[in-house]
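Given next are the chains, with one letter for each unit.
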Amino acid sequence: MGVTRVLVTTKYLLLMIVDTTFSQCPEGWFGNKCEYQCHCQDQNCDASGACPVGAKCARSYFGFACQYYNIMDQRTADYLLDDDDTTCSKAEITAATNDDKTDQIFTFAWIVLSKKAAIRDLKFSFLNADRRSVVCSGWVFTDVTSKIVELRCTNNILFTKFKVTTKSAVEVCGLYIGRGRSVALKQVTSSSDLQHADVRADTVVDGHRYESPGTGTKCFGTVSRGLRAYLGLILEKPILVFSVDIYTRQANSQDKIAVKLIDTSGFEKEALQPGRSRTSGVFEYKLSSPELAMGVKITSVGRKEFSVCEVEVYGDCAAGQFGLDCKHSCEQCHSQLCEMTGICLSCEEKQGFTSCRKVCGKCAGNKQCDEDTAVCVDGCLHGYRGDRCNMLCDPCPNNSTCDRYTGACDQCPKGFFGDDCQKPCTNCAGDGSCMKEDGYCVDGCKNLFMGDFCQQTCPNCRVSCDRETGYCAGECREGYWSISCDED
């Protein structure tokens, strides 16, 4: 179907695909490189991005680790945005985006219902900026939980208003429409010039939208020197981009810059068309369809100088990838489809729509997993790892498997030991193998070496010695005698 699958949850599911070690991040940040911002109500989150128990996502954010930006107008009826599934309404809902004058890409909607509902109980429609109806040619529904439905469309939709109608006794308790998530934070930057030596280009991806003298936060600026200045941003992985926001000093005008995406081959694409600027100094570039890109390049127009305080790129993983860093593949799923946390999806075509449900990963034992989280109860099948057993182990020696949580191989190649199998075994006999945990030589020591780790030499022995006592086996070296060959 070519549809990117992304699970969006808040309090309903807080498990994430993350590594087991984290750097110590400043308050308000998380991730291995502290590259993700916390968007909980109090800006605090744990090392995986989950909010404290009982806390919710900050307003305007929702979903996986509160990373997805909600483009619904915040003046929408509060019961739809309060993350409370007890405040509901059966009335027909027409929700506007936060810019009802400019069409935006419909990525997905997350609908919270008062109870589990059949697809036939729900009806959806779109209006664009010209107030014309926009038709979805193929709806895709995924049951996130018994009360949460994820909605996507197989064709590209540009819209400003989204209407929901329910039948029977079903009520709508929450409605969130994703713009994507900010994917440019802490990414690699480059530039043609600096206005001030102490202002680096990476200030445009530091999470600060405006200058703040009290914190030392500054904006990046260029000096043309008769040349066309540029500012570049390279993403770590190709991302499906939906929109780009540029925050500048208010004195800047939009006609000073041109904004282009960089495709996966490194070539610049045509300049993006700027949208209506709703806030002074904030320039919005909304794409007409999703574009797979490796970066963004901002260039001066007519050799004019420009300044940029922050670049925000909104997008998501390409089809078949998952995780906040989009580095994991859905290839282990039979359908090749999975959602944001890697849970595999099984989809079937029905009359007029596609229905998807979560399925267990490569679970061991009776292959059961938790209904909501898909965590495998009895561990993983050989060669798979993770809570949900949805990630492949790296190739391990001797056809061994890996640790479910760390990914470390159970065995090391011959001659090596340690968690990462990078430490060499020393002077081990036989095939040179030693214990993975501590380097203990399994088959004893080579001739003339002794000790648990065979790092000591036998004292004055001609051939070999006892591993523990050091007593020589056979003759002493010339000039030495006694059972331990220590007398001359």
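What you are looking at is a predicted structure, and each value in this text was computed from that prediction instead of being measured. (Residues numbered from 1 in each chain as written. Predicted model: local features only at pLDDT ≥ 70, side-chain atom pairs only at ≥ 80, totals over all residues. Heavy atoms only, no water.)

(A) Expanded view of the overall build of the protein chain. Across its full length, the protein chain carries zero helices and 34 strands. For the protein chain, whose C-alpha radius of gyration is 29 Å, the value lies well above the compact-globule estimate of 23 Å for 488 residues. The principal-axis extent of the C-alpha atoms belonging to the protein chain is close to 105 × 65 × 40 Å. Here the protein chain holds 488 residues, and the buried ones make up 50% of them. (Helix = DSSP H or I, 4+ residues; strand = E, 2+ residues; numbered from the N terminus. Rg over C-alpha atoms; globule rule 2.2 N^0.38 Å. Buried < 20%, exposed > 50% of the residue type's maximum accessible area, 1.4 Å probe, protein only.)

(B) Focus on a negative patch on the surface. On the surface, a cluster of negative charge is made up of Asp419, Asp420, Glu437, Asp438, Asp452, Asp466 and Glu468. On the secondary structure map, aspartate 438 appears in the loop between strand 30 (423–424) and strand 31 (449–450). (Patch = residues over 30% accessible without salt bridge, like charges linked within 9 Å, V, L, I, M, F, W, Y side chains within 5 Å. Areas by Shrake-Rupley, 256 points an atom, 1.4 Å probe, with all protein chains shown as cover. Salt bridge = Lys/Arg side-chain N within 4 Å of Asp/Glu carboxyl O. Lys, Arg positive; Asp, Glu negative; His and termini not counted. Charge placed at Lys NZ, Arg CZ, Asp CG, Glu CD.)

(C) Here's a closer look at the pairing of strand 20 (residues 282–300). Direction of pairing for strand 17 (residues 230–247) relative to strand 20: antiparallel, over a ladder of 13 bridges. Within strand 20, the position partnered with valine 244 by the bridge is tyrosine 285. (Pairing = 2+ DSSP bridges.)

(D) The sheet that holds strand 8 (residues 122–127), seen in detail. One open sheet accounts for four strands, arranged 5-13-8-9; its pairing is antiparallel. The open sheet has two free edges, formed respectively by strand 5 (93–96) and strand 9 (133–134), since each of these has just one partner strand. Where strand 8 meets strand 13 (residues 161–166), six bridges bridge the pair, whose relative direction is antiparallel. When the sheet's bridge partners are listed, serine 125 is paired in strand 13 with lysine 163.

(E) Expanded view of empty space enclosed by the protein. For the coordinates displayed, the defined rule picks out six cavities of 30 Å³ or more. Considering only enclosed or pocket space, the largest cavity measures out at about 200 Å³ in volume. Along the walls of the largest cavity sit 16 residues, with Tyr36, Val183, Gln187, Leu324 and Asp325 positioned nearest its centre. Put simply, the parts of the chain that give the lining of the largest cavity at least two residues each are strand 14 (172–182) and strand 17. Sorting elements by how many residues they give to the lining of the largest cavity places strand 17 first, with four residues. Tallied by class, residues from the lining of the largest cavity come to eight nonpolar, two polar and six charged. Computed from the structure, the second largest cavity encloses a volume of approximately 60 Å³. Residue lining of the second largest cavity: Gln104, Ile105, Thr107, Arg179, Phe242, Ser243, Lys286 and Leu287, and that is the complete set. Of all the secondary structure elements, the ones that give two or more residues to the lining of the second largest cavity are strand 6 (104–105), strand 17 and strand 20. (1 Å grid on protein atoms, 1.4 Å probe; cavity = no way out; pocket = protein on both sides within 12 Å on 5 of 7 lines; lining within 4 Å. Points joined across faces, edges and corners; volume = space filled by probe spheres on them. Nonpolar A, V, L, I, M, F, W, Y, C, P; charged D, E, K, R; others polar.)

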